[in-house]
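Listed here are the chains, written in short residue letters.
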Amino acid sequence: MTAPALETLLKRSDFLACARGKRQGTKGMMVQALNRGEGEAIRVGFTCSRKVGNAVARNRAKRRLREVARLVLPHHGRPGWDYVLIGSRDNTAERDFAALQDDLRQALRKLHG
RNA sequence: ACGGAGGGCCGGAUGGCCGCGGGGUUUCGGCCCCGAGGAAAGUCCGGACUCCACAGGGCAAUGGUGCCGGGUAACGCCCGGCGGGGGCGACCCCAGGGACAGCGCCACAGAGAACAGACCGCCUCCGGUCUUCGGGGGUAAGGGUGAAACGGUGCGGUAAGAGCGCACCGGGGGACGGGCAACCGGACCCGCAUGGCAAGCCCCACCAGGAGCAAUGCCGAAUAGGAACCUCGCGCGGGGCCGGUCGGCUUCUUCUUCGGGAGAGCCGAUACCGCCGCAGGGCCGCCCUGGCCCGGAGGUUCGGGUUGGCAGCUUGAGACGUCGGGCAACCGCGCGUCCAGAGGAAUGGUCAUCGAACCGGCACCCGGAGACGGGCCGGGGAACAGAAUCCGGCUUACAGGCUCUCCGUGCGU
RNA sequence: GCGGGUAUGGUGUAAUGGUAGCGCCCUAGCCUUCCAAGCUAGUCGUGUGGGUUCGAUUCCCACUACCCGCU
């Protein structure tokens, strides 16, 4: 099978819609998911509040989340779903990268099942 | 060697794999090039740029700056000086104009806190008295208070005293000399009360239109060409006339019970008008000369639409190196090299090798009496921080490292 | 991007440049069989760093944190 294309969420309304869906927290991040029920694409958004830290810390956290999503979602995400990854206060920037990937996989398993 | 002062620079490196933003190219598979900082930060100043406003003169208000000279597009920045203060010194700090233009304040303490004056004292005279007290006069040396007390020390002088006289110090004025200037030196003269605070009001000199790239321009989409209420205003004249209303005329058409009715036309009036003028109102800080705008204005509330694209957008008062000028800030010229441009926002993730700080160890080596330091071994794994229109500064944050110059003390030569 | 404001015990707030007050809270005591209320006493302080001044919560400068407004 060919992995479905990843699209990035940009609009505020998409983020708000996803926030009303399911959510699952892990040590490294918070994941929100919503089954749109239409389309084939996996869409994903990233966000970090000011609680994460200054601009350097926020951007670094978002970059690591992007990389994790790029590696994990094509294989474990479901087409037609929206996911929002939220950086956490202490862990996203410092956590071991392999553990961060496991966090996302585990969160997806709980959200889907 | 130890301690200290002032600058300058760097602030992780290399490679593999997988990615991101922009540009170019393409045989659409890909390939090539470029891609954060010294503070990109705070937004404290100064500009460029864009839009809006903008007539002249005088006056005022508000804000800012404040020794002198220079640098600069400009600055509240920088450089070089001057003055004051601190340090043995290298060097550091200073909003550093004006206190006889005026007003104000100076708590507590103290007799007295700003036209000087006299609490305790000191001296003298008079009266009572003989422990001393009261009154008049002279005096400002001493006392104590305070952040600050109307020059200081010494000698002379005197009833006691006092710049009363003298010497030195301090202060004021100052011919003249030096310096572009701030300022410095200063013959000579003056016995010399004439505080402090202007980062209190203020005075003087100088500077300043407002807003900001979410500026601004173009294209596209969509909806609307709004509603309600409140406040103030609600005059005159001219002009216009589609349609309306009223009155008149009777040229035409038509109906007629021959009185007239209806329609069209013409004339006049009226409301009306997003026409004009005046009055009026408003604006240009104020005034004068003058100008502009409105003709309904202003305000509040409600309702509706859009949150797309392109330009601005990065090559510029550019940076670095070299050469020349200048004590320096900086400037000039030629040559060479370099140049992020996103738009919920790229410049990363991961692995390997190397690696500073830091932590631990003392088997071994070196120095040392020792503590310990260096070598060595193991761990560890890089500060502050991310461009958002662009520049010049300032300020603040920053693990640590490298380097230059200078000062003090000690030792050696 | 532009602009404004605030910071005073744990909390809410006062203070012409001259000893930082007040209420609530807290602690202790009194009162009460106990609690509450009341009474008495006490602890706790000007965001940070400089400067002006004899003297700063106050004036000036820089910084920090928080809040608000406009576009």
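Preceding this paragraph is the structure being described.
Residues numbered from 1 in each chain as written. Chains lettered and ligands numbered in written order. Predicted model: local features only at pLDDT ≥ 70, side-chain atom pairs only at ≥ 80, totals over all residues. Heavy atoms only, no water.

Enquirer: If you had to explain the overall build of chain A to someone new, which residues and values would you point to?
Expert: When you go through chain A residue by residue, the secondary structure sums to four helices and five strands. In chain A, 80% of the contacts between residues at least 6 apart in sequence involve partners at least 24 apart. Carbon and sulfur atoms make up 47% of the accessible area of chain A, which totals about 6700 Å². (Helix = DSSP H or I, 4+ residues; strand = E, 2+ residues; numbered from the N terminus. Contact = heavy atoms within 4.5 Å. Areas by Shrake-Rupley, 256 points an atom, 1.4 Å probe, with all protein chains shown as cover.)

Enquirer: Describe in detail the pattern of salt bridges, supporting the description with residues and values.
Expert: Considering all chains together, one arrives at two salt bridges under this definition. A salt bridge links Arg70 to Glu67, with the nearest nitrogen and oxygen atoms 2.7 Å apart. In this pair, Arg70 and Glu67 are both assigned in helix α2 (residues 55-76), three residues apart and thus about one turn of the helix distant. Residue classification places Glu67 among the partly exposed positions, given a relative accessible area of 31%. A salt bridge links Arg105 to Asp102, with the nearest nitrogen and oxygen atoms 3.1 Å apart. Note that Arg105 and Asp102 are positioned in helix α4 (residues 97-112) at a spacing of three residues, about one turn of the helix. (Salt bridge = Lys/Arg side-chain N within 4 Å of Asp/Glu carboxyl O. Buried < 20%, exposed > 50% of the residue type's maximum accessible area, 1.4 Å probe, protein only.)

Enquirer: Run through the side chain of Asp103, naming residues and quoting values.
Expert: As for its position among the elements, Asp103 is in helix α4. Once residues within four sequence positions are removed from consideration, Asp103 is found in contact with Thr26, Lys27, Gly28, Met29 and Arg95.

Enquirer: Account for the pairing of strand β4 (residues 42-47), naming residues and giving values.
Expert: Along a regular strand, successive side chains alternate from one face of the sheet to the other. For β4, the buried fraction is high: five of the six residues fall into the buried class. In terms of strand pairing, β4 meets strand β5 (residues 81-87) through five bridges, oriented parallel. Residue pairing for β5: Gly45 is matched across the bridge by Val84. (Pairing = 2+ DSSP bridges.)

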